[in-house]
Structure formats: structure tokens, C-alpha cells
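Topology and contacts: notes
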Amino acid sequence: MRLIEKVWFKKHSAKYWLVPLLLPLTGLFYLISLVRRVAFRFGLLKSYKVDVPVIVVGNISVGGNGKTPVVIHLVELAKVLGLKPGVISRGYGSQADVYPYLLDENSTSYQAGDEPLLIYLRCNIPVVIGADRVANAEKLIEQGCNIVISDDGLQHYRLQRDLELVIIDAKRLFGNGLLLPAGPLREGTWRLKKADLIIYNGNNSDHTKQLVSKPLFMTLAGCELIQVITGEKMLLPDFIQQWQIVNAIAGIGEPQRFFDTLQTLGFDLATQQGFIDHKNFTVNDFVEFKTDLPLLMTEKDAVKCRAFAQKNWWYLPVSAQFSEQDKEVLIQAISSFKV
């Protein structure tokens, strides 16, 4: 975790002096955000409505809150309901030759970014990336999609949306409660009242009473490990029976969450190494790990390691799990778009 993130989430109290130094920039960020929102609200900046429903899955803070598993879950629900979903994304860190960029079977994480490639490989649906989300959505419509799911983009007001879902990390919440860069927030907690559905990743019932009357709750769960090169699958109990002691890496918003998950599942971590979110891995990042132990990673990390992975590298795919009641809320929300 970067130093500034430790300050945001109150894990490095000795460096709190950074916050007052950044407050003038936070004031500027607030002013720019306010002017931009007002400009869209009163038509000074134009927003666009595409010909199919748009669902935005976003958050008001930076870092990994669990948006991608929710996007995948919505895709699966839309398919069950007979819809043809597609996903749009900014494609953070992507280096495609042209945008909007439609992913295909030859796409790499270098071209598409890690999360869009993960969604494409997991869901086998059209995925389009690029800074212009309106153009991205139009590209999906050309592919025959009749519902667009936006991975992030809550603050991208140029694209009108029919449903907004905000994901909150129940563990980290909103950090020190300040806007960027003094804090982790893109928008204040007032924004939650504007969203259609609030989903907590984890459970923090005391906090929900303060801001949201009827939130949804999800957990992230996995039942198997998949070999990075071959795609071989092994159920977790069988894997642990053979290799309880493992190495682990994670290049996500909160690496410790992944390490805690592995330990909860029953693994003993000989070595664990966290990297920055969206880390572009090279083979040199792995030279310190003992090769006689399996190396476990997240699915998002695995899509960037396929070119140089070893036979004992495995990833843990996770899925969003909801109660039947909360799942029904999501189904009803998507069903309202079905023609």
C-alpha cells in the first residue's frame, strides 16, 4: 500500500501531517467537481442517452471495492433473464492502438487493462474500453448488446444511466472522509443518497444505519484454484490437502484482503507480497519466491502473468455472493429493463 493510502485509511498516524498540506488541493478538486456537476445538471455540458439501458457500477472512493465481481454477477443475471449484456470500462493502463477498443481472443492485458480482460475471459461477452464511455456504449450496441454495464464511471456524467450501484468496502469505508488528494473520496458521502442501490462488500451493520436505510450486502467467495497456464482446476479442499503452505502475491487495491482470505480458507503463507493496484508484472517480480511452493494470486493478477507463468502458479477466482433477498432486488432492477 502506498504511503498516502496508509494516511487516507488511518494506518500511518505518524504521517498525518500530509493531510493539511494537501487540503488546498482538495479544495481545488472540490471546486472543479462542483462546477462540472453543475454544468451537466444545467446543460452547459451535454450528456448523452444511448438506445439501450445503462447500469453503472461504481464507487465514491479510490481503490478496489469489489466492483468487478459485481459487474460479473450482473452480467450473469442479465444472461439468465434473456438479455444480451456488454461491458464498458475506462481500461486503466491500457495501450490499445485505437479506441474504442473491442476485446477479442487475442487481446492482452497490455492492450486492454487487467480488469476488462478478466471480465472478457470470465464472461465471454463483448467488452469495450476507452475514455469516451458514450462511444464505448455505442460500440456495444453495434455488437448486438441490449444492455450496457459500466465497470466504474459513476462520475462520468456525460453518459446518462438508468441504474446506479455504488459499492462500499465495509472494512475500509471512506477512510478519513476527505476528498482527493487529502483523502480517498472522489465525491462526498452525500452522493450515496443519489444512487439507486448501495452494496457493502462485507458487513458493517453499524455504519449502514448512518448513511443507507436499505443496503445490500455481498461477500466474495471462491471454491477452486485454477492453474495460470493450463487452466486446470482443483477444488480448494483437494488443493489444501496437497499444498497447505504456499506463497502469495496480490496487485489489487487492498492486497491484505486477499492474504486474509487465503488464511481463512486454511492456507499457511510462507511468503506474501503486495503490489500496487494494476501492477504490470514482469518475471523479475517473482525471483524471490521459493519455486518448490505453489504461488497463489488473484484472477486479476493472473491475466497479466500468463506469458511467463510457471507450472505451480495458481489463481483464485472469486464471485460475488448475495442473500436470496438481495439477489432478488438485483433481479427486479434488471428485469425492469427487459422488453
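Summary of the structure given here. Keep in mind that this is a model prediction, so the values were computed, not measured. (Residues numbered from 1 in each chain as written. Predicted model: local features only at pLDDT ≥ 70, side-chain atom pairs only at ≥ 80, totals over all residues. Heavy atoms only, no water.)

Digging into the overall build of the chain
A count of helices and strands for the chain gives 11 helices and 15 strands. In terms of C-alpha radius of gyration, the chain reaches 20 Å, essentially the compact-globule figure of 20 Å for 339 residues. For the chain, with 339 residues in total, the buried portion stands at 52%. Residue pairs at least 24 apart in sequence account for 70% of intrachain contacts in the chain once pairs closer than 6 positions are excluded. (Helix = DSSP H or I, 4+ residues; strand = E, 2+ residues; numbered from the N terminus. Rg over C-alpha atoms; globule rule 2.2 N^0.38 Å. Buried < 20%, exposed > 50% of the residue type's maximum accessible area, 1.4 Å probe, protein only. Contact = heavy atoms within 4.5 Å.)

Notes on helix α6 (residues 133-142)
Considered for burial, the residues of α6 that qualify are R133, V134, N136, A137 and L140. Projection of α6 onto a plane perpendicular to its axis shows the buried side chains occupying an angular sector of 160 degrees, all on one side. The N-cap of α6, judged by a side-chain oxygen 3.1 Å from the amide nitrogen of V134 a few residues on, is D132. Once α6 finishes, G144 follows within two positions and takes phi at roughly 95 degrees, a positive value. (Arc of directions from axis to C-beta. Polar contact = N/O pair within 3.5 Å; in protein donor to acceptor, adjacent residues only side chain to side chain.)

Description of the packing of aromatic side chains
Summed over all chains, the structure comprises 12 aromatic pairs. The interplanar angle of 55 degrees and the centroid separation of 6.2 Å between the aromatic rings of F258 and F259 together place this pair among those described as tilted. Overall, F258 belongs to the buried group, its relative accessible area being 7%. With 6.1 Å between their ring centres and 85 degrees between their planes, F308 and W313 make a pair best called edge-to-face. (Phe/Tyr/Trp six-rings, centres within 6.5 Å; stacked < 30°, edge-to-face > 60°.)

Some points on empty space enclosed by the protein
Overall, the coordinates contain one cavity of 30 Å³ or more when judged by the stated rule. The calculated volume of the largest cavity comes to roughly 30 Å³. In this structure, the largest cavity is lined by N59, I60, S61, N65, V166, I167, I168, D169, L173 and F174. Class assignment of the residues belonging to the lining of the largest cavity gives a composition of six nonpolar, three polar and one charged. (1 Å grid on protein atoms, 1.4 Å probe; cavity = no way out; pocket = protein on both sides within 12 Å on 5 of 7 lines; lining within 4 Å. Points joined across faces, edges and corners; volume = space filled by probe spheres on them. Nonpolar A, V, L, I, M, F, W, Y, C, P; charged D, E, K, R; others polar.)

Description of the state of the cysteines
With the rule as written, the count across this model stands at zero disulfides. The structure places no disulfide on C145, whose sulfur is separated from the nearest cysteine sulfur, that of C123, by 12 Å. Looking at C145, the relative accessible area reads 5%, which means it is buried. (Disulfide = S-S within 2.5 Å.)

Overview of the sheet that holds strand β9 (residues 224-227)
As summarised here, the arrangement of the six strands in space is β10-β9-β14-β13-β11-β12, forming an open sheet in which the pairing is mixed. Of all strands in the sheet, those with a lone pairing partner are β10 (233-235) and β12 (268-274), marking the two edges. With direction set aside, neighbouring strand axes in the sheet form an average angle of 30 degrees. Summarising the sheet, β9 and strand β14 (residues 313-316) pair through two bridges and their orientation is antiparallel. Bridge pairing in β14 links I226 to Y315. (Pairing = 2+ DSSP bridges. Axes fitted to C-alpha atoms, helices over the stretch in contact; angles between N-to-C directions.)

Concerning the layout of surface pockets
By volume, the largest pocket is sized at about 1,100 Å³. If you go around the largest pocket, you meet 41 residues; those closest to its centre are V62, G63, Y92, D152 and R186. Mapped by element, the contributors of at least two residues to the lining of the largest pocket are α1 (3-8), α2 (18-41) and α5 (114-123). With five residues, the single largest contributor to the lining of the largest pocket is α2. Tallied by class, residues from the lining of the largest pocket come to 15 nonpolar, 11 polar and 15 charged. Its boundaries defined by the atoms lining it, the second largest pocket holds a volume of some 800 Å³. The wall of the second largest pocket is formed by 34 residues, among which N201, L220, I252, R257 and V318 lie closest to the centre. Going through the elements one at a time, α3 (67-80), α5, β8 (216-221), α9 (255-265) and α10 (299-302) are the ones with two or more residues in the lining of the second largest pocket. In terms of residue count, α9 provides more of the lining of the second largest pocket than any other element does, six residues in total. The class makeup of the residues in the lining of the second largest pocket is 11 nonpolar, 12 polar and 11 charged.

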